[in-house]
Amino acid sequence: MSSDKEDIEFLKGCLKSYPDFPNKGILFQDIFSLLSQPEAFGKLKKLLVSRAKTVAPQIDVVVGLDSRGFLFGPIIALELGIPFLPVRKKGKLPGKVFTESYQLEYGEVQ
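Attention in this report is confined to the structure presented alongside it. (Residues numbered from 1 in each chain as written. Predicted model: local features only at pLDDT ≥ 70, side-chain atom pairs only at ≥ 80, totals over all residues. Heavy atoms only, no water.)

**Section: unusual backbone geometry**
Residue Pro 22 follows Phe 21 across a cis peptide bond; omega there is 5°. Tracing the sequence through the fold places Pro 22 in the loop between β1 (16–19) and β2 (27–30). Residue Ser 67 follows Asp 66 across a cis peptide bond; omega there is 0°. Here Ser 67 is to be found in the loop between β3 (62–65) and α4 (68–80). (Helix = DSSP H or I, 4+ residues; strand = E, 2+ residues; numbered from the N terminus.)

Have a look at this one:
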């Protein structure tokens with residue numbers, strides 16, 4: 001069985017990087033190149049779940065931000081046996097919603 005450090009290095013080797021995308025100065029790391037490889041995806045799941053348990057041993061819910069959070073959040077929540085709560089961009093959900101803004105490397109999202 002490999003160590004976490006070995007798994008992280010393996011995963012880094014699976015990522016494709018695109019400099020200056022979507023804007024100059026941004027290094028876009030393509031997670032889909034990692035997700036297309038079952039061994040890599042399995043190692044990533046193991047590391048994410050382990051990290052979640054370390055950071056907050058009493059997790060009540062996993063919150064996933066639009067859109068990468070929708071890829072990983074449900075997998076972590078399922079493994080931990082707890083609910084998943086998606087967080088969407090403004091105007092994407094019907095009914096009563098809560099609103100919060102946050103910064104990305106290339107702009108603000110509401």
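**Examining the packing of helix α3 (residues 38–55) against α4**
Taken N-terminus to C-terminus, the directions of α3 and α4 make an angle of 65°; their axes are 10 Å apart at the nearest point. It follows from the interaxial angle that α3 and α4 lie roughly perpendicular. Once α3 is placed against α4, the crossing between them reads as right-handed. Across from Phe 41, Leu 44, Lys 45, Leu 48, Val 49, Ala 52 and Lys 53 in α3, the residues of α4 making contact are Phe 72, Ile 75, Ile 76, Glu 79 and Leu 80. Along the lines of polarity and charge, the residues of the contact of α3 with α4 split into nine nonpolar, no polar and three charged. (Axes fitted to C-alpha atoms, helices over the stretch in contact; angles between N-to-C directions. Parallel < 35°, antiparallel > 145°, perpendicular 65-115°, else oblique. Left-handed = near helix turned anticlockwise from the far one by under 90°. Contact = heavy atoms within 4.5 Å. Nonpolar A, V, L, I, M, F, W, Y, C, P; charged D, E, K, R; others polar.)

**Here's the deal with the pattern of salt bridges**
Inspection of every chain in the model, using the stated rule, returns six salt bridges. In this structure, Lys 12 engages Glu 9 in a salt bridge whose closest nitrogen and oxygen atoms are separated by 3.5 Å. One end of the pair is Lys 12 and the other is Glu 9, both in helix α1 (residues 4–14) and three residues apart, which spans about a single turn. Of the residues examined, Lys 12 reaches a relative accessible area of 52% and is grouped as exposed. Salt-bridge contacts for Arg 88 lead to Asp 66; the nearest nitrogen and oxygen are separated by 3.4 Å. Taken together, the positions of Arg 88 in the loop between β4 (84–87) and β5 (102–104) and Asp 66 in the loop between β3 and α4 put the pair 22 residues apart, joining distant regions of the chain. Residue class for Arg 88 comes out partly exposed when judged on its relative accessible area of 34%. (Salt bridge = Lys/Arg side-chain N within 4 Å of Asp/Glu carboxyl O. Buried < 20%, exposed > 50% of the residue type's maximum accessible area, 1.4 Å probe, protein only.)

**Regarding the packing of aromatic side chains**
One pair of aromatic rings is described through two measures. These are the centre distance and the angle between the planes. Throughout the structure, instances matching the rule amount to two aromatic pairs. Summarising the aromatic geometry, the rings of Phe 21 and Phe 28 are spaced 5.4 Å apart at their centres and angled 85° between planes, so their arrangement reads as edge-to-face. Accessibility expressed as a relative area gives 46% for Phe 21, which makes it partly exposed. Aromatic pair Phe 70 and Phe 84: ring centres 6.5 Å apart, planes at 90°, arrangement edge-to-face. With Phe 70 in helix α4 and Phe 84 in strand β4, this residue pair connects regions lying 14 residues apart in the sequence. A cation sits over an aromatic face here: Lys 43 above Phe 10, 5.5 Å from the ring centre. (Phe/Tyr/Trp six-rings, centres within 6.5 Å; stacked < 30°, edge-to-face > 60°. Lys NZ or Arg CZ within 6 Å of the ring centre and 35° of its normal.)

**So, α3**
Spanning 18 residues, α3 covers 26 Å between terminal C-alpha atoms, matching the ideal 26 Å at 1.5 Å per step. What α3 keeps buried is the set Ala 40, Lys 43, Leu 44, Leu 47, Val 49 and Ala 52. Where α3 is buried, its residues contact α1, α2 (32–35) and α4. (Expected span 1.5 Å × (residues − 1).)

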